[in-house]
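Structural features, examined
Given next are the chains, with one letter for each unit.
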Amino acid sequence: MKCLMAAARNEVVPTESRSELIEVARRAMQTDPEDRYPTVQALQRAIRDYREHAESILLSERAEQDLQSANQSGDYTTFARSVFAFQESLELWNGNVRAAEGLNRSRVSYARTAMVKGDLDLAGSLLDGEVPEHEAMLVEMQAALHERETRVRRLAVLKRTAVGLAAAMFLV
C-alpha cells in the first residue's frame, strides 16, 4: 500500500545504484513533463538501446569484479582477464564510458603491480604515452628501467673484474 501511495504522490525512492536502465527509469518518472522523454517512442528507443548495451554493461561489471580481485591478490591472470573483459565490453559498445574508464584503471593497476614485482617490461607494455593518466607512471617506469640497466652494467663490470683478478691470481 505504501508503494501505491508513493507512486500516487510521484515520490521516487533514491538509490545509490547507477546504471543505464535506472537512468532511463528516472527520466521516465520525472515529475516535470519537460524532463521526461518527449514521446513513448523515445522511451522505447532508450529501452531498446539499453537492451543492446546490456551485454557490454554486464561484461564491464564482471571486469570490475575481476579488477577488484586482482588488486587484492596481485594475480597477473586476473588482471589480464579484467583488461580483456573491458576491451571486449568496448568492442560490443564503444560508448560504454564505464568500460573505458575501467580499462584505464585496470591497465594502471596491472602496470603498478608489475612494477612492484619488478616486471618493468610488462608494465611498459600496458601503458600508453598518449593517455595522460599513464604519463607519470611511464616516467617512473623509465627511471626504474634506467636504474636496472645501470645495475646490470655495474654487475657486468664487477664480473669482468672478478674474472681478471681470478686469472691474475691463477697466473701468479
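Scroll up for the structure.
Before going further, it helps to examine the environment of Asp128. Among the structural elements, Asp128 can be located in the loop between α6 (120–126) and α7 (132–171). For the pair Asp128 and Arg27, spaced 101 residues apart in sequence, the C-alpha separation works out to 37 Å. With residues near it in sequence (within four places) discarded, Asp128 still touches His134 and Leu138.

A word on the nonpolar core. With 22 residues, the main nonpolar core has Phe86, Ala111, Met115, Ala123 and Met141 as its most contacted residues. Listed by contribution, the elements that provide at least two residues to this core are α3 (40–73), α4 (76–92), α5 (97–116), α6 and α7. A total of 6 residues in this core trace back to one element, the largest contributor, which is α5. When neighbours within four sequence positions are excluded, Met115 is seen to be in contact with Leu120, Ala123, Met137, Glu140 and Met141.

The subject of this paragraph is the pattern of salt bridges. Under the criterion given, the structure shown has 7 salt bridges. With a closest N to O distance of 3.1 Å, Glu23 and Arg26 form a salt bridge. Of this pair, Glu23 and Arg26 both sit in helix α2 (residues 20–28), 3 residues apart, which is roughly one turn of that helix. On the basis of relative accessible area, Glu23 is assigned to the partly exposed category, the value being 36%. In this structure, the salt-bridge partner of Arg148 is Asp121, at a minimum N-O distance of 3.5 Å. One end of the pair, Arg148, is in helix α7; the other, Asp121, is in helix α6, and 27 residues separate them in sequence. Arg148 sits in the partly exposed class, given a relative accessible area of 27%.

The rules we used
- Residues numbered from 1 in each chain as written.
- Predicted model: local features only at pLDDT ≥ 70, side-chain atom pairs only at ≥ 80, totals over all residues.
- Heavy atoms only, no water.
- Helix = DSSP H or I, 4+ residues; strand = E, 2+ residues; numbered from the N terminus.
- Contact = heavy atoms within 4.5 Å.
- Core = buried A, V, L, I, M, F, W, Y, C linked by side-chain atoms within 4.5 Å.
- Buried < 20%, exposed > 50% of the residue type's maximum accessible area, 1.4 Å probe, protein only.
- Salt bridge = Lys/Arg side-chain N within 4 Å of Asp/Glu carboxyl O.

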